[in-house]
Amino acid sequence: MKKKIRITLNGRKTDLEVPTHRLLLDLLRDEIGLTGTKEGCGTGDCGACTVLLNGKPVNSCLIFSGELDGEDIVTIEGLKIGPELHPVQQAFIQDGGVQCGYCTSGMLMMSKALLDENPDPSEEDIRFAISGNLCRCTGYAKIVKAVQDAGRELRAKRGGA
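On a predicted model such as this, the values are computed, not experimentally measured, just so you know.

Cut-offs applied
Residues numbered from 1 in each chain as written. Predicted model: local features only at pLDDT ≥ 70, side-chain atom pairs only at ≥ 80, totals over all residues. Heavy atoms only, no water. Pairing = 2+ DSSP bridges. Helix = DSSP H or I, 4+ residues; strand = E, 2+ residues; numbered from the N terminus. Axes fitted to C-alpha atoms, helices over the stretch in contact; angles between N-to-C directions. Contact = heavy atoms within 4.5 Å. Salt bridge = Lys/Arg side-chain N within 4 Å of Asp/Glu carboxyl O. Buried < 20%, exposed > 50% of the residue type's maximum accessible area, 1.4 Å probe, protein only. Parallel < 35°, antiparallel > 145°, perpendicular 65-115°, else oblique. Left-handed = near helix turned anticlockwise from the far one by under 90°. Nonpolar A, V, L, I, M, F, W, Y, C, P; charged D, E, K, R; others polar.

Caption draft 1: Spatial organisation of the pairing of strand 2 (residues 12-19). Note: strand 1 (residues 2-9) against strand 2, eight bridges, orientation antiparallel. Along strand 2, the bridge assignment pairs I7 with T14. Here strand 1 folds back onto strand 2, and the loop between the two strands holds two residues, one of which, N10, carries a positive phi near 50°.

Caption draft 2: Quick look at the sheet that holds strand 3 (residues 50-53). The strand order across the open sheet formed by five strands is 2-1-5-3-4, and the pairing between neighbours is mixed. Taken across any chain shown, the strands that pair with only one partner, and hence form the sheet edges, are strand 2 and strand 4 (56-59). The mean angle between the axes of side-by-side strands here comes to 40°, regardless of whether they run parallel or antiparallel. Strand direction decides the pairing type here: strand 3 and strand 5 (residues 72-74), joined by two bridges, are antiparallel. Note that in strand 5 the partner of L52 across the bridge is V74. Those strands touched by helix 1 (residues 24-32) are strand 1, strand 2, strand 3 and strand 5, and its axis lies near 105° from that of strand 2.

Caption draft 3: Quick look at the pattern of salt bridges. On inspection of all chains with the given rule, the structure shows 11 salt bridges. R22 is paired through a salt bridge with E31; the nearest N and O atoms lie 2.6 Å apart. Look at R22 and you get partly exposed, because its relative accessible area is 23%. Judged by its relative accessible area of 42%, E31 falls in the partly exposed class. Note that D149 and R152 form a salt bridge whose closest N and O atoms lie 2.3 Å from each other. Taken together, the residues span about one helical turn, with D149 and R152 both in helix 5 (residues 141-158) at a distance of three residues.

Caption draft 4: Seen up close, the side chain of S60. Structurally, the position occupied by S60 is in the loop between strand 4 and strand 5. Assessed through its relative accessible area of 0%, S60 is described here as buried. Leave out the neighbours within four places in its chain, and S60 touches L23, L24, L25, T37, C49 and V51.

Caption draft 5: Region of interest: the environment of A91. With respect to the helices and strands, A91 occurs in helix 2 (residues 87-95). When the C-alpha atoms of A91 and D26 are compared, they prove to be 29 Å apart, with 65 residues separating the residues in sequence. In contact with A91, not counting residues within four places along its chain, are A146, D149 and A150.

Caption draft 6: Region of the structure containing the packing of helix 2 against helix 3 (residues 104-117). The N-to-C vectors of helix 2 and helix 3 enclose an angle of 125°; their axes lie 9 Å apart at closest approach. Looking at the two axes, helix 2 sits oblique to helix 3. Seen along the crossing, helix 2 lies across helix 3 with a hand that is right-handed. Between helix 2, through V88, Q89 and F92, and helix 3, the contact on the second element is made entirely by T104, M107, L108, S111, K112 and L115. Residues belonging to the contact of helix 2 with helix 3 are distributed by class as follows: five nonpolar, three polar and one charged.

What follows is the structure, given as structure tokens:
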């Protein structure tokens, strides 16, 4: 069964007709062509497929497309601010928070959500926030540093460093 939905995807209104049981992850990757969101486990355990749904991080492998009418979705492709990388993206590159890259989009989306809610998180806050995102390459230290540095950059831009 298909359903017509209207979503805001990376800031643009988009009308779609989707099978109600199609997963958001599959919709993004296979139908819309936004392949930055990765499938890791397919069961919501690894966080590789994290996107923002109405500003909150969700595992896109657990969301049915038929439930998305009227929702606002941001993927890794929508994280950039105009032509510039988001400070979280820049900090991950600068601090070496990226290795094989498979978990990176999910880590970035989770980190953005954390910094939106808590602009000055402690190391413990960061480790807790990313605890649902698995990385087998970096050991997390560089990722935590990148989130701290991104938080400092965002606070400085807002005038509250």
